[in-house]
Each structure stands twice: as structure tokens, then as C-alpha cells.
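Results of the structural survey
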Amino acid sequence: MTESDALERLAALEIETPSWGYGNSGTRFHVYPWPGAARSVWERIDDAALVHRLTGCCPSVALHIPWDRVDDWSGLAEYAAERGLRIGAINPNTFGDDEYRLGSICHPDEHVRARALDHCRECIEIARHVGSSILSLWLADGTNYPGQDDLRDRHARLAAGLDQLYAELPERMRMLVEYKFFEPGFYSTDLPDWGTAAMLCRRLGPRAQVLVDTGHHPQGTNVEQIVAVLLAEGLLGGFHFNARKYADDDLIVGSIDPFELFRIMREIAAGGADNVAFMIDQSHNVEGKIDAMIQSVLNIQAAYAKALLVDGDALARAQREGDVLGAHRALLEAYETDARPLLARLRASIGVEADPVAAFRSGGYAQRLADERGTATVESAYERL
């Protein structure tokens, strides 16, 4: 691929940031308030808009309901548009209330299941109001002990609930189904892997697709192979970027295993990503919120740039000839390439600084936000997550 082609592909890459990444967050042990962290959905949109201004590639912000609930959804969409943003994926919360102790859509009590489905329907209506085309669904449903519930019954409830939601999707809306192999349930998870998610999406129809989260796999899982297969089958609808060392750590993208991120982006670059929603899903517990988000964006761009620089002809030739080392070296050559000059040219072409993190840190933004907002006390359920 020529440099001009790579620049064109890089310029087309859009990365959605999550509203929840701009507020205070922490572990189950403690939340450390950050000076200037966003305290409301309006401030979260302000921070997402700042990230977009500094990077030029983050034009949408994902919302989580009820954490981001407002009375006037059209007003919120207009507020975002005035700041150069659009509202992205709408994420229902079916795990934050006491009633969901035993699950939501898979709960043994039909009244709890009905409540969870009503909340998802509410999120579909919110998506209509704000112009979103994606309902992003992650269920915390599962069990902690053998015998706690009937596993086949839970699967039947899950399938029936998704059938109802899919039937109510507007024509232009997609439902992205996310999976996770464990947590918060420790014995079983009702959507434990990409195969289960893909099977359900196939059953539902073409506007149901799988959402892959980097941290939602057992250690050692070949995530790029999952990405490749889902792309080949037309079932990859979205990707939640983050990084992990042990479990679902939600660390800065690319901070632990940048070569894995490169391998994932190589499959995306080779397989086509026209209909894949790229979203960040991470939690900043001990670091700044905005510059950490920017760093994740830069790491995704860098990995994608290197993926675009793979010599596809040389790689294919080595693969055909059975040259194992030659094929591996074709990937390494691209991975070891310094993509910063290419990315600097990209940023110059769209009018942003070559190093957006440095621009944030030297621009006085953090101090201004700290002066305006102070250090918020951690009181709401949103800030505790």
C-alpha cells in the first residue's frame, strides 16, 4: 500500500470515546477522585469534544443509560452537535439495580426480565431521539454456583429476550451483542464467548452483530483470529478497545501488549472495516481522564498505520511458498516501522498537533478544568463504576 493510500485509510478511521471514561472511576476497593473529572453528561460531552478537537478522529461519544439520562434528549444531541460531536452507541445498564442480582434478561423471574427488556426498549427510543444507529448490549447475566439455575432455561430466556428486542429495532439501527467469559458471575456466563454471540446474531438477523472487547477473553486467547473469522462471516459489528494484564482491566489501549493490538488491526485492515464501530471502553482509575483517552486514540491510530504498511504481496508470497519465517518477518517489518512521521503528516493535513497528548498537557486544559470543576466527591453509582 502506498503512503497516500495509507493516509487516506487513516483519515477515514473514526474512534468513538465513551462518556463513562471521563468521570471518576475505580476498583471495588476504592475510587480516587481526579481534579477536573467530569461530573455530568454535559461535562462528559465537553471532554469528548475536547478529545475530538485535539485528535481530529473522535467525532462521536457513546452514552450509558441511566448514567447519562437527561429529560431533553433532543437538547443533548444539539448540545453535542454544537461541539462538533454526534451521539454514538447507546448502552443499556441491566446490572446496576438490586433486582438484577440473579440476572436481567435471563433472570428466573419474568417480572425482572420484563423490566430489563423495558429498559432496553427505552434505550432504543433514546437512540431514535439522538440519532444513534447502534444499541450496544452487554449483559452481566450469569450464575455463581452449579445448580443455581437451569443453564438451558437461561439460554432460552436470553434468546427469547433478544428476539423481542430485535423485532423492535428501527430499520436503520443495529444491535451489537457483546460477550464476556466471566464476571460478575463466576460459574457461568450467559453470553460467554464469541461463538454464542455469533450464533444468536445469526438467528436474529443481519442487523445483529458481535461486539468484541479486548479484555473479555481468557488469557492467551487469539483475539485476532476471532476478529478474522467474524469479519469473514460479516458478523463483526463493533470493537471495544482497552488493554488488560490479567482480567478485564480496562487499561489504556495498547499499554500492555501493543503487538496484539497491531495483529488485531492487521486483520481489520485486511478484512475491511467499513461497517465496524470502533469504540474505546476503558476505566481511568489512577491517571488523568482526558490525556489517557487521547493516548488510547493515538495507540489505535499507530497500530492501524503499521497494519496498513504490511507488504501484502510479500506476505502472501511467503505464505504460498510455506516460508514461515518470511511471513512472520513481513509482519515484524511493518510492526517495527516508526509510524510517527506518517501520523504527523496525517495530523498536519487535518489541522491538529503532531502530539495531541503533549498539546493537552501544555495547553493548560487540565488546570482549567480542575479550577472550574474542583475535585468531585464520589457519590453516585456512575462515579463508582
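Everything here concerns the structure above.
The rules behind each value
Going along each chain's sequence as written, the residues are numbered from 1 onward. Only residues with pLDDT of at least 70 get local features here, since the model is predicted, and only at 80 or more are side-chain atom pairs given and counted; chain-wide, interface and lining totals rely on the full set of residues. Computation of side-chain values covers all heavy atoms of the structure but excludes hydrogens and water. Categorising residues by exposure relies on relative accessible area from a 1.4 Å probe, with only protein chains included: less than 20% of the type maximum marks a residue as buried, more than 50% marks it as exposed, and the intermediate range marks it as partly exposed. Helix and strand assignments follow DSSP, with helices taken as H or I runs no shorter than four residues and strands as E runs no shorter than two, numbered in order from the N terminus. Of all possible arcs, the one meant is that of the directions from the helix axis to the C-beta atoms. Whether two residues are in contact is decided by their heavy atoms: any pair within 4.5 Å suffices. Stacked, edge-to-face and tilted are the three classes for Phe, Tyr and Trp ring pairs, Trp counted by its six-membered ring, which pair at centre distances within 6.5 Å; planes under 30 degrees apart are stacked, over 60 edge-to-face, the rest tilted. In this analysis the charged atom, NZ for Lys or CZ for Arg, is taken to sit over a ring once it is within 6 Å of the ring centre and within 35 degrees of the ring normal. To get an axis, a line is fitted to the C-alpha atoms, and for a helix only the part in contact is used. The angle between two axes follows their N-to-C directions and goes from 0 to 180 degrees. Any angle from 65 to 115 degrees is called roughly perpendicular, while one under 35 is roughly parallel, one over 145 is roughly antiparallel, and all others are oblique. Gly is placed with the polar residues, together with every amino acid not listed as nonpolar (Ala, Val, Leu, Ile, Met, Phe, Trp, Tyr, Cys and Pro) or charged (Asp, Glu, Lys and Arg). One speaks of a salt bridge when a side-chain nitrogen belonging to Lys or Arg is within 4 Å of a carboxyl oxygen belonging to Asp or Glu. Nitrogen and oxygen atoms within 3.5 Å of one another constitute a polar contact, given that in protein one can donate a hydrogen and the other can accept it, and given that sequence-neighbouring residues count only through two side-chain atoms. What makes a crossing left-handed is the near helix being turned counterclockwise from the far one by less than a right angle; a clockwise turn instead makes it right-handed. For two strands to be treated as a pair, DSSP must find no fewer than two bridges joining them. For the purposes of this section, nonpolar cores are sets of buried Ala, Val, Leu, Ile, Met, Phe, Trp, Tyr and Cys residues that join through side-chain atoms within 4.5 Å. Assignment of crossover handedness uses the view with strands pointing away from the viewer, where a clockwise path from the first strand over the helix to the second indicates a right-handed crossover. The patch calculation keeps residues exceeding 30% relative accessible area without a salt bridge and links them within 9 Å when they carry like charges or within 5 Å when they are nonpolar (Val, Leu, Ile, Met, Phe, Trp, Tyr). In these tables, accessible area is a Shrake-Rupley quantity obtained with a 1.4 Å probe, and a residue counts as shielded only by the protein chains included in the view. His is not counted here, nor are the chain ends, while Lys and Arg score as positive and Asp and Glu score as negative. Charged side chains are reduced to one point each, which is NZ for Lys, CZ for Arg, CG for Asp and CD for Glu. Two cysteine sulfurs form a disulfide in these notes if their separation is within 2.5 Å.

1. Quick look at helix 14 (residues 365-373)
Of the residues making up helix 14, those classed as buried are Leu369, Ala370 and Arg373. Looking straight down helix 14, one finds that the buried residues subtend no more than 100 degrees of arc, so they occupy a single side. More than 90 degrees from the buried face of helix 14, the exposed residues found are Gln367, Asp371 and Glu372. Packing partners of the buried residues in helix 14 comprise helix 2 (41-55) and helix 9 (290-308). Looking one or two residues beyond helix 14, the residue adopting positive phi is Gly374, at roughly 70 degrees.

2. Looking at the packing of aromatic side chains
One pass over the structure, following the stated rule, counts 11 aromatic pairs. Among the aromatic residues, ring-to-ring pairing joins Trp67, Phe95 and Trp138 into one connected group. Lying over the aromatic face of Tyr79, Arg83 brings its terminal NZ or CZ to 3.4 Å of the ring centre. Positioned over the ring face of Tyr246 is Lys245, at 5.8 Å from the centre of the ring.

3. Notes on the packing of helix 2 against helix 14
The geometry of helix 2 relative to helix 14 is characterised by a closest axis approach of 13 Å and an angle of 170 degrees between their N-to-C directions. Taken together, the axes of helix 2 and helix 14 are roughly antiparallel relative to one another. Facing helix 2, whose interface residues are Glu43, Asp46, Asp47, Leu50 and Leu54, helix 14 presents Tyr365, Leu369 and Arg373. When its residues are assigned to classes, the contact of helix 2 with helix 14 shows 4 nonpolar, no polar and 4 charged.

4. Regarding the pattern of salt bridges
Tallied over the full model, the rule gives 25 salt bridges. Close ionic contact of Lys180 with Asp248 constitutes a salt bridge, the shortest N to O distance being 2.9 Å. In this pair, Lys180 sits in the loop between strand 6 (174-178) and strand 7 (188-189) while Asp248 sits in the loop between strand 9 (236-241) and helix 8 (258-271), placing the two residues 68 residues apart along the sequence. Among the residues examined, Lys180 registers a relative accessible area of 6% and is labelled buried. Each member of the salt-bridge network shares a partner with another, and the members are Arg39, Glu43, Asp47 and Arg373.

5. Points about the side chain of Asn93
With respect to the element layout, Asn93 can be found in the loop between strand 3 (86-92) and helix 4 (110-130). Note on Asn93: relative accessible area 6%, which makes it buried. Within the structure, Asn93 has its side chain in polar contact with the backbone nitrogen of Gly96 (distance 2.8 Å). Aside from chain neighbours lying at most four places away, what touches Asn93 is His64, Ile65, Pro66, Trp67, Tyr100 and His119.

6. Focus: the packing of helix 2 against helix 9
Two numbers describe how helix 2 lies on helix 9: the axes approach to 10 Å, and their chain directions differ by 45 degrees. Here helix 2 lies oblique to helix 9, going by the angle between them. Crossing angle aside, the handedness with which helix 2 passes helix 9 is right-handed. Touching Asp47, Leu50, Val51, Leu54 and Thr55 of helix 2 are Ile290, Met293, Ile294 and Val297, all from helix 9. Of the residues belonging to the contact of helix 2 with helix 9, the class tally is 7 nonpolar, 1 polar and 1 charged.

7. Observations concerning the pairing of strand 3
Here strand 3 lies mainly inside the structure; 6 of its 7 residues are buried. The sheet contact formed by strand 2 (residues 60-65) and strand 3 spans 5 bridges and is parallel. Directly across from Val61, in strand 3, lies its bridge partner Ile87.

8. Things to note about the nonpolar core
In a soluble, globular protein the nonpolar side chains are often hidden away together inside. Ile45, Ile90, Met175, Val212 and Met265 are the most contacted members of the largest nonpolar core, which totals 106 residues. The leading source of residues in this core is helix 9, at 11 residues. The residues touching Val212, leaving out its near neighbours within four places in the chain, are Tyr179, His217, Val223, Ile226, Leu230, Leu236, Gly238, Phe239 and His240.

9. Focus: helix 12 (residues 340-350)
Listed as buried for helix 12 are Leu342, Leu343, Leu346 and Arg347. The buried residues of helix 12 occupy one face: seen down the axis, they fall within an arc of 135 degrees. Those residues of helix 12 that are exposed and angled more than 90 degrees off the buried face are Arg340, Ala348 and Ser349. On its buried face, helix 12 is in contact with helix 1 (3-12), helix 9 and helix 13 (356-362).

10. Digging into the pairing of strand 8 (residues 208-213)
Among the 6 residues of strand 8, 6 are classified as buried, and the element is accordingly described as predominantly covered. Inspection of the sheet shows strand 8 paired to strand 9 by 4 bridges, in the parallel sense. Directly across from Asp213, in strand 9, lies its bridge partner His240. On the question of chirality, the crossover connecting strand 8 to the parallel strand 9 by way of helix 7 (residues 223-232) is right-handed.

11. Observations concerning a negative patch on the surface
Taken together, the side chains of Asp311, Asp313, Glu333 and Glu336 make up a negatively charged region of the molecular surface. Secondary-structure assignment places Glu336 in the loop between helix 11 (324-335) and helix 12.

12. Some thoughts on the state of the cysteines
Overall, the coordinates contain 0 disulfides when judged by the stated rule. Lacking any disulfide linkage, Cys57 is separated from the closest cysteine sulfur, that of Cys58, by 4.0 Å. Judged by its relative accessible area of 5%, Cys57 is buried. The exposure class assigned to Cys58 is buried, which follows from its relative accessible area of 0%.

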